[in-house]
Amino acid sequence: MIILMIRRLVGLLLTLLAVSALIFLVMALLPGDPAAIMLGTSASADTLAALRQQLGLDQPLLLRYLQWLGGVLQGDLGRSHTYGVPVAGLITERLAVTLPLAAMAILLSVLIAVPLGVTAAAKRNGLVDLAATLFAQAGIAVPAFWMGLLLILLFSMQLGWTPAGGFPGWHAGFFAALHALLLPALALALPQASVLTRVTRTAVLDVLDEDFLRAARAKGLSRRAALWRHAVPNAMVPVVTMLGLQFTFLVAGAVLIENVFNLPGLGRLAYQALSQRDIIVMQDVVLFFAALVIVVNFSVDLSYLWLDPRLRSGKAFS
Amino acid sequence: MSGAGPATRGTTGFRLRRHGPLATGLTLILLLAGVALVSLVWTPFPPSKMQIMQKLKPPFEVGLLGTDQYGRDVLSMLMAGAWNSLSIALFAVALGAGIGVVIGLAVAAWRGVLETVTMRGCDVIFAVPPILSAMMLGAFIGPGRWTAIFAIATFMVPVFTRITVGAARQIWTRDFILAARAAGKGPLLISWQHVLPNIVGPIIVQVTIQLGLAILTEAGLSFLGLGLPPPAPSWGRMLAESQTFLRAAPWLAVLPGLAVALSVLGFNLIGDGLRDRLDPRQRGRA
């Protein structure tokens, strides 16, 4: 078990290393001089040369990578060209928006999807099942950022319940901040929930045929109790797997949603870095997002051990 | 879809679930392809022609679907956008599927270190969403058709590699492969003659589903200004521009999104329908 964990951990570190190398190489090998891109066309040769030196562009590729990586490992992500502050600080500041947003979206999507999927499976071919199927099909097809626009149209413009965008900051009060994040989180959650609903339904249907459920019913548990106490927990492995796989799309959705709702999060930072040609910030944000996706998927792998005790023997986990 | 139980067999609900998705999907996609092709030779108005006097007119008042903030005809823009969206999606998926399937076949044929390295590589690429890789590409080579295509295709390669490896490995365990090897055929020939024809089904299903995802991603990219540069109409940019006029012209925010959603829905329904046909055991499953 411990050896397995160590092997997984080494794999995680290697993957992270490979991602950092990939991002660095893409940024380094793409045509175009970062210094020229960052300064624009009007820069003089002297400023260009100065920036090139400051960025270390005159040094060999491998050295530049190792320096960047070394910095990242010590929490030094370099300096933003536009803001003139350390990128690490920028990212931490923006995380205070993106992390709660993502967490709320995941929470909402689970709260919608699990009850809906379980009910659909329990009352197969009933009305709820039909509704869940339609929701699953429609939800996957709807872009999260369009969902955001529709929610703004409905809740902000028509009903006036929520702000149409912007973020007051956590210092404005916990609930005011939460209120501002509610609509964007819902926009992110609905497409996610549709995928999860489908997976939950399928997983519960699979479990419903199992012997242990018949045993649970035989020992006198009601249908409902057997469903929630025995079927649902056993159906959670594919649901959590999908939650992990979907995390990449959640990140992509967050980048878009933050721009729809004008939220000062990491996605907006990446977008601003793109329009300001702040390549260092972009490289770091992309690395951060990719690392997040990898770590989340690693945690999902680990969570199987907790969700499914049978896997703890380690046989199915090599 | 599901509902193979005797209680539901023969009811309208069952028949609808069985044949409805594929038929609906095909209708939607034929419509999309038709509109896209027609837009190449005819649109009600030139899609980028501005008529400021006629700006922000609601549907039916000017043109069938109204006009935008520059007085451009929304229907014409949607039609031209359909072509841009569909062509980018097709290119991206063709590229991604082509590369992914070849890598997948090679991995299934040779296994070993190649497999470990490729699968780790898939994890790595899969960790960078296309929005972010498009941003990296866009910073250097600028936004445009190929930035979008490369970003989307890059993300599709690991998807198709995984699908191919999974399906092809099963084929490699079969007796007829053993027979082919006994006949002296090498891995290349076996992959081409025996493995590929037997895994075309799941690959086609994946192609349709990924086409939907590609349209979704392209809309997101052009929403951020990473797709086709103006004045080429694109659904994503129409949505981005609509944000300023949400109150005055809500149809500008609704219609392009509807176009995206219906296209993606069409491809997904075809994918589901095909999966049911090709692999009845999967019926009603994820």
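Residues numbered from 1 in each chain as written. Chains lettered and ligands numbered in written order. Predicted model: local features only at pLDDT ≥ 70, side-chain atom pairs only at ≥ 80, totals over all residues. Heavy atoms only, no water.

A.B. asks: Can you break down the packing of aromatic side chains residue by residue, with the values?
C.D. replies: Applying the stated rule across the entire model yields 12 aromatic pairs over all chains. On the numbers, 5.9 Å between centres and 70 degrees between planes, the contact of Phe167(A) with Trp170(A) is edge-to-face. Residue Phe167(A) is classed as buried on the basis of its relative accessible area of 17%. Since its relative accessible area comes to 29%, Trp170(A) is described here as partly exposed. Between the NZ or CZ atom of Arg162(B) and the centre of the ring of Phe126(B), over which it lies, the distance is 5.1 Å. (Phe/Tyr/Trp six-rings, centres within 6.5 Å; stacked < 30°, edge-to-face > 60°. Buried < 20%, exposed > 50% of the residue type's maximum accessible area, 1.4 Å probe, protein only. Lys NZ or Arg CZ within 6 Å of the ring centre and 35° of its normal.)

A.B. asks: Lay out the nonpolar core in plain terms, naming residues and giving numbers.
C.D. replies: One finds Met135(B), Val195(B), Ile199(B), Ile215(B) and Trp235(B) to be the most contacted residues of the largest nonpolar core, which totals 147 residues. Broken down by element, this core gets its largest block of residues, 14 residues, from helix α2 (residues 74–110) of chain B. Counting the residues that make up this core, at least three belong to each of domain 1 (16–73) and domain 2 (87–317) of chain A. Beyond its immediate stretch of four places on either side in the chain, Val195(B) contacts Leu105(B), Ala168(B), Ile171(B), Trp172(B), Ile177(B) and Ile190(B). (Core = buried A, V, L, I, M, F, W, Y, C linked by side-chain atoms within 4.5 Å. Helix = DSSP H or I, 4+ residues; strand = E, 2+ residues; numbered from the N terminus. Domains from an automatic or database assignment. Contact = heavy atoms within 4.5 Å.)

A.B. asks: So, the pattern of salt bridges: which residues are in play, and what are the values?
C.D. replies: Evaluated as defined, the whole model comprises 10 salt bridges over all chains. The residue Arg162(B) makes a salt bridge to Asp123(B) at a minimum N-O spacing of 2.7 Å. One end of the pair, Arg162(B), is in helix α5 (residues 145–172); the other, Asp123(B), is in helix α3 (residues 112–126), and 39 residues separate them in sequence. The closest approach of N and O atoms between Arg275(B) and Asp272(B), which form a salt bridge, is 3.2 Å. Taken together, the residues Arg275(B) and Asp272(B), both in helix α9 (residues 251–278) and three residues apart, mark about one turn of the helix. Residue class for Arg275(B) comes out partly exposed when judged on its relative accessible area of 22%. Asp272(B) gets classed as buried once you look at its relative accessible area, which sits at 8%. Members of the salt-bridge network, linked through shared partners, are Arg198(A), Asp272(B) and Arg275(B). (Salt bridge = Lys/Arg side-chain N within 4 Å of Asp/Glu carboxyl O.)

A.B. asks: How would you summarise the UniProt feature "transmembrane region" (unreviewed entry) in chain B if you had to cite specific residues and measurements?
C.D. replies: Residues and elements named next belong to chain B. Sites flagged by UniProt as "transmembrane region" (unreviewed entry) map to residues 21–42, 86–110, 122–141, 147–165, 203–228 and 248–271. The annotated region residues 203–228 carries 81% helix and 0% strand content, and the separation between its end C-alpha atoms amounts to 29 Å. Segment residues 248–271 splits into 88% helix and 0% strand. End C-alpha atoms: 38 Å apart. (UniProt positions renumbered as here; feature names shortened; annotations may be inferred.)

A.B. asks: Before we move on, can you summarise the packing of helix α12 (residues 247–260) of chain A against helix α4 (residues 130–141) of chain B with the specific residues and values?
C.D. replies: Here α12(A) crosses α4(B) at 60 degrees, and the two axes come no closer than 8 Å. As far as their axial angle goes, α4(B) and α12(A) are oblique. Of the residues in α4(B), those in contact with Val251(A), Ala252(A), Val255(A) and Leu256(A) of α12(A) are Ile131(B), Leu132(B) and Met135(B). Looking at the contact of α12(A) with α4(B), its residues break down into seven nonpolar, no polar and no charged. (Axes fitted to C-alpha atoms, helices over the stretch in contact; angles between N-to-C directions. Parallel < 35°, antiparallel > 145°, perpendicular 65-115°, else oblique. Nonpolar A, V, L, I, M, F, W, Y, C, P; charged D, E, K, R; others polar.)

A.B. asks: Talk me through α9(B); I want residue IDs and the actual numbers.
C.D. replies: For α9(B), with 28 residues, the first-to-last C-alpha span of 40 Å sits near the 40 Å given by 1.5 Å per residue. Of all 28 residues in α9(B), 21 are buried; the element is thus mostly enclosed. (Expected span 1.5 Å × (residues − 1).)

A.B. asks: Hey, could you go over the interface of chain A and chain B for me, with residue numbers and the actual values?
C.D. replies: Taken together, the contact pairs 56 residues of chain A with 50 residues of chain B. Here chain A packs against chain B, burying approximately 4,700 Å² in sum over the two surfaces, 74% of which is carbon and sulfur. Remark: the boundary between chain A and chain B carries one salt bridge. The partner of Arg198(A) in a salt bridge is Asp272(B), and the shortest N-O contact between them spans 2.8 Å. Those elements that place two or more of their residues in the side of chain A that touches chain B are α1 (2–29), α2 (34–39), α6 (127–141), α7 (144–158), α8 (174–208), α12, α13 (266–275) and α14 (279–307) of chain A. Each residue belonging to the side of chain A that touches chain B can be placed in one class, and the counts come to 41 nonpolar, nine polar and six charged. (Buried area = accessible area lost by both parts, 1.4 Å probe.)

A.B. asks: Describe the layout of surface pockets, listing the residues and the values that go with them.
C.D. replies: As a volume, the second largest pocket reaches approximately 810 Å³. Lining the second largest pocket are 24 residues, with Arg8(A), Asp301(A), Arg120(B), Asp123(B) and Arg162(B) positioned closest to its centre. Elements represented by at least two residues in the lining of the second largest pocket include exactly α1, α11 (236–245) and α14 of chain A together with α3 of chain B. Broken down by element, the residue count for the lining of the second largest pocket peaks at seven residues, all from α14(A). Looking at the lining of the second largest pocket, its residues break down into 12 nonpolar, six polar and six charged. (1 Å grid on protein atoms, 1.4 Å probe; cavity = no way out; pocket = protein on both sides within 12 Å on 5 of 7 lines; lining within 4 Å. Points joined across faces, edges and corners; volume = space filled by probe spheres on them.)

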